[in-house]
Amino acid sequence: MSTYQGLEILFTREQIAERIKEMGKQITHDLEGEKLVMIGVLKGAAPFLADLARAVTVDTTFDFVAVSSYGKSNRTSGAVKLIKDLDEPIEGKNVLIVEDILDTGLTLTYLRKIFLQHHPKSLRIAALLDKPSRRIEKIEADYVGFSIPNLFVIGFGMDYAERYRNLPDICLMPPDAQ
Ligand code: PRP
């Protein structure tokens, strides 16, 4: 396995770029002739949204939301709260929620529920990574970059205590550093 700055790489920047290109093609195909609003979930989704948006050729705008994390341990209580709302209404629009990782599914279940209350024309989910073994809520993404086992991943937006988000590859957090 190759490394970057001493960290084991799970997916290289080339593999990520290739996969995002494919996802962009699929999304373009599915939304041909339509307008799209990509909604990034801060902060982890920012690099993925930037690349995915440039991989689609549909007429696309961006918006961002932020949810409180309460720490991962409390997340399992289902306590997810919106701390930054949408800037623009999504009623009647084609919405794509863009996430770096779909884990327990609590965040996306919450966001899907509140976005559906605004009556979008359609609502889809794109997740760069999916950890199906961790799921608590029954929710799937329409577009998944890579499905992975329960590994602690960092880089390409994903953090450990806010660090490592800027790694260009998706790497593994060394067990002795967690
Ligand atoms: C991560 C990720 C998702 C959420 C997924 O966010 O970006 O929003 O966890 O987990 P779930 O499926 O178990 O709800 P995090 O809280 O780490 O915030 P961040 O994006 O700012 O890193």
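To start, this report covers the structure provided alongside it. Just so we're clear, the structure is a prediction, and the values are computed from it rather than from any experiment.

Observations concerning the overall build of the chain
Right, so step 1: Within the chain one finds 4 helices and 10 strands.
Right, so step 2: Relative to a compact globule of 178 residues, whose C-alpha radius of gyration would be 16 Å, the chain shows 16 Å and is just as compact.
Right, so step 3: Its C-alpha atoms give the chain principal-axis dimensions of roughly 50 × 35 × 25 Å.
Right, so step 4: Relative to its full complement of 178 residues, the chain shows a buried share of 47%.
Right, so step 5: Long-range pairs, those at least 24 residues apart, make up 65% of the contacts in the chain between residues at least 6 apart in sequence.

Looking at the environment of Lys-131
Right, so step 1: Within the element layout of this structure, Lys-131 appears in the loop between β7 (122-130) and β8 (143-147).
Right, so step 2: Given a relative accessible area of 8%, Lys-131 falls into the buried group.
Right, so step 3: Along the backbone, Lys-131 and Ile-101 are 30 residues apart, and their C-alpha atoms lie at a distance of 7.6 Å.
Right, so step 4: When near neighbours in sequence (up to four residues on either side) are disregarded, Lys-131 contacts Ile-101, Leu-102, Asp-103, Ile-148, Pro-149, Asn-150 and Leu-151.

Considerations on unusual backbone geometry
Right, so step 1: Lys-43 follows Leu-42 through a cis peptide bond whose omega is -5°.
Right, so step 2: Following the sequence through the fold, Lys-43 ends up in the loop between β3 (35-42) and α2 (46-55).
Right, so step 3: Of note in the backbone geometry, Glu-162 takes a positive phi value of approximately 75° without being a glycine.
Right, so step 4: Within the secondary structure, Glu-162 sits in the loop between β9 (153-154) and β10 (170-172).

Here we look at the site of the ligand
Right, so step 1: For the ligand, the set of nearby residues contains 16 residues, the closest of which are Glu-99, Asp-100, Thr-104, Gly-105 and Thr-107.
Right, so step 2: Gly-44 has a polar backbone atom sitting 2.9 Å from an oxygen atom of the ligand.
Right, so step 3: Here an oxygen atom of the ligand and a backbone polar atom of Gly-105 are 2.8 Å apart.
Right, so step 4: Across the complex, the protein chains shield 90% of the 500 Å² of accessible surface that the ligand would expose by itself.
Right, so step 5: Within the residue set of the shell around the ligand, elements represented by two or more residues are α3 (71-75), β6 (94-102) and α4 (106-116).
Right, so step 6: It is β6 that provides the largest number of residues to the shell around the ligand, a total of 3 residues.
Right, so step 7: Residues that form the shell around the ligand fall into these classes: 3 nonpolar, 5 polar and 8 charged.

Here's the deal with the packing of aromatic side chains
Where two aromatic rings form a pair, the distance of their centres and the angle of their planes describe that pair.
Right, so step 1: Scanning the entire structure with this criterion turns up 3 aromatic pairs.
Right, so step 2: Between the aromatic rings of Phe-152 and Tyr-160, the centroid separation amounts to 5.6 Å while the plane-to-plane angle is 75°, which identifies the pairing as edge-to-face.
Right, so step 3: Overall, the relative accessible area of 27% leaves Tyr-160 in the partly exposed class.
Right, so step 4: Sitting over the ring of Tyr-4, Arg-13 keeps its end group 5.1 Å from the ring centre.

Observations concerning the environment of Ile-170
Right, so step 1: Positionally, Ile-170 belongs in strand β10.
Right, so step 2: Not counting residues up to four positions away in its chain, the partners in contact with Ile-170 are Glu-8, Ile-9, Leu-10, Phe-11, Ile-16, Leu-128, Leu-129, Val-153, Ile-154, Gly-155, Phe-156 and Met-158.

Basis of the calculations
- Residues numbered from 1 in each chain as written.
- Predicted model: local features only at pLDDT ≥ 70, side-chain atom pairs only at ≥ 80, totals over all residues.
- Heavy atoms only, no water.
- Helix = DSSP H or I, 4+ residues; strand = E, 2+ residues; numbered from the N terminus.
- Rg over C-alpha atoms; globule rule 2.2 N^0.38 Å.
- Buried < 20%, exposed > 50% of the residue type's maximum accessible area, 1.4 Å probe, protein only.
- Contact = heavy atoms within 4.5 Å.
- Near = heavy atom within 4 Å.
- Polar contact = N/O pair within 3.5 Å; in protein donor to acceptor, adjacent residues only side chain to side chain.
- Areas by Shrake-Rupley, 256 points an atom, 1.4 Å probe, with all protein chains shown as cover.
- Nonpolar A, V, L, I, M, F, W, Y, C, P; charged D, E, K, R; others polar.
- Phe/Tyr/Trp six-rings, centres within 6.5 Å; stacked < 30°, edge-to-face > 60°.
- Lys NZ or Arg CZ within 6 Å of the ring centre and 35° of its normal.

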